[in-house]
Amino acid sequence: MARYLGPREKIERRLGEKLALKGERSHSQKSAMVRRPYPPGVHGKTGNFGKVSEFGLQLRSKQKVRKTYRLMEKQFKSIIQRALTEKTDPYDAMIAALETRLDNSVFRMGFAQSRDQARQLVSHGHITVNGRKVNIPSFRVSQGDVLGIREGSKKNVFMGSLMPQWLANYEAPAWMVLDKQTMTATVTTIPKMDASGLKVDDLQAIIEYYSR
């Protein structure tokens, strides 16, 4: 599956907003948005993001959310269009489709410091759902599912030594219950708008963008 391999912090500088694409680094003074809070390129130091049209604002919102969840355009468009056909609140449908992806769920349960790292854990076969290995990042978890680490992977240096260091102080979102001793998380409900951290204005702009 195709994925973006370029510099992640340049994305944040272009959009003018932190998206936590580099894990802990994104929240530190080393972040590019702290050191160089202007768009990349030869004219970036003016600090002027320029006057943006309505279409430009819609595009920016779409790019912001798409890049946050680390999805390619075709994949993101498919998720949004499918969510809009459901007979539920369009915002909640979009959030549910994005948040319940397995790679995002692994990130939310604190097993990874970024969604890119979470996707790698999933694709390398380290994650289980209800005791069975699942290596498909786009797999959607459901209410009642139990996510954990494959037994053979617990001996891995990352799982055994590095992960516990940040997991000890991590607080999982309200839609899952994290057991730090067994290193498992149970999905207790399907996440809605308030659990995502996204803005209603951005979601509305995305709907308008794909309704053109």
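Higher on the page you've got the structure.
Residues numbered from 1 in each chain as written. Predicted model: local features only at pLDDT ≥ 70, side-chain atom pairs only at ≥ 80, totals over all residues. Heavy atoms only, no water.

Undergrad: Sorry if this is basic, but what is going on with the overall build of the chain here?
TA: A tally of helices and strands in the chain yields 10 helices and 5 strands. Counting only residues that meet the buried cut, the chain has 45% of its 212 residues in that class. Counting contacts in the chain only where the partners sit at least 6 residues apart, residues at least 24 apart contribute 57% of the total. Carbon and sulfur atoms provide 51% of the accessible area of the chain, an area that totals close to 11600 Å². (Helix = DSSP H or I, 4+ residues; strand = E, 2+ residues; numbered from the N terminus. Buried < 20%, exposed > 50% of the residue type's maximum accessible area, 1.4 Å probe, protein only. Contact = heavy atoms within 4.5 Å. Areas by Shrake-Rupley, 256 points an atom, 1.4 Å probe, with all protein chains shown as cover.)

Undergrad: What is the right way to look at the sheet that holds strand S3 (residues 146-149) in this model?
TA: Pairing within the open sheet is antiparallel, and its 5 strands lie in the order S2-S1-S3-S5-S4. Each of the sheet's edge strands pairs with one partner strand only, and the pair in question is strand S2 (132-133) and strand S4 (176-179). Pairing geometry for strand S1 (residues 127-129) and S2, over 2 bridges, is antiparallel. Bridging across to S2, Val129 finds its partner in Arg132. (Pairing = 2+ DSSP bridges.)

Undergrad: Help me understand the pairing of S4 in this model?
TA: Every other side chain in a regular strand lies on the same face of the sheet, so the side chains alternate between the two faces. Where burial is concerned, the two faces of S4 differ: the one with Met176 and Leu178 is buried and the one with Val177 and Asp179 is not. Examined bridge by bridge, S4 and strand S5 (residues 184-187) share 4 bridges and lie antiparallel to one another. Bridge assignment links Leu178 to a residue of S5, and that residue is Ala185.

Undergrad: Would you explain the pairing of S3 in this entry?
TA: Here S1 pairs with S3 via 3 bridges, running antiparallel. Pairing of Ile127 across the sheet is with Ile149, part of S3. Note that S3 and S5 share 2 bridges and pair antiparallel. The residue bridging Val146 from the neighbouring strand is Thr186, located in S5.

Undergrad: Any chance you could explain the packing of aromatic side chains here in plain terms?
TA: We describe a pair of aromatic rings using the distance from one ring centre to the other and the angle between the two ring planes. Taken as a whole and assessed by the stated rule, the structure comprises 4 aromatic pairs. Taking the centre distance of 5.7 Å and the plane angle of 25° together, the rings of Phe55 and Tyr209 count as stacked. Within this pair, whereas Phe55 is found in helix H3 (residues 54-68), its partner Tyr209 is found in helix H10 (residues 200-210), the two being separated by 154 residues in sequence. Here Tyr209 falls in the buried class, since its relative accessible area comes to 11%. Arranged with centres 6.3 Å apart and planes meeting at 50°, the rings of Phe76 and Tyr210 form a pair that is tilted. Taken as a pair, Phe76 in helix H4 (residues 73-84) and Tyr210 in helix H10 lie far apart in primary sequence, 134 residues in all. Relative accessible area serves as the criterion here: at 15%, Tyr210 is assigned to the buried category. (Phe/Tyr/Trp six-rings, centres within 6.5 Å; stacked < 30°, edge-to-face > 60°.)

So yeah, pure geometry; function would need other evidence.
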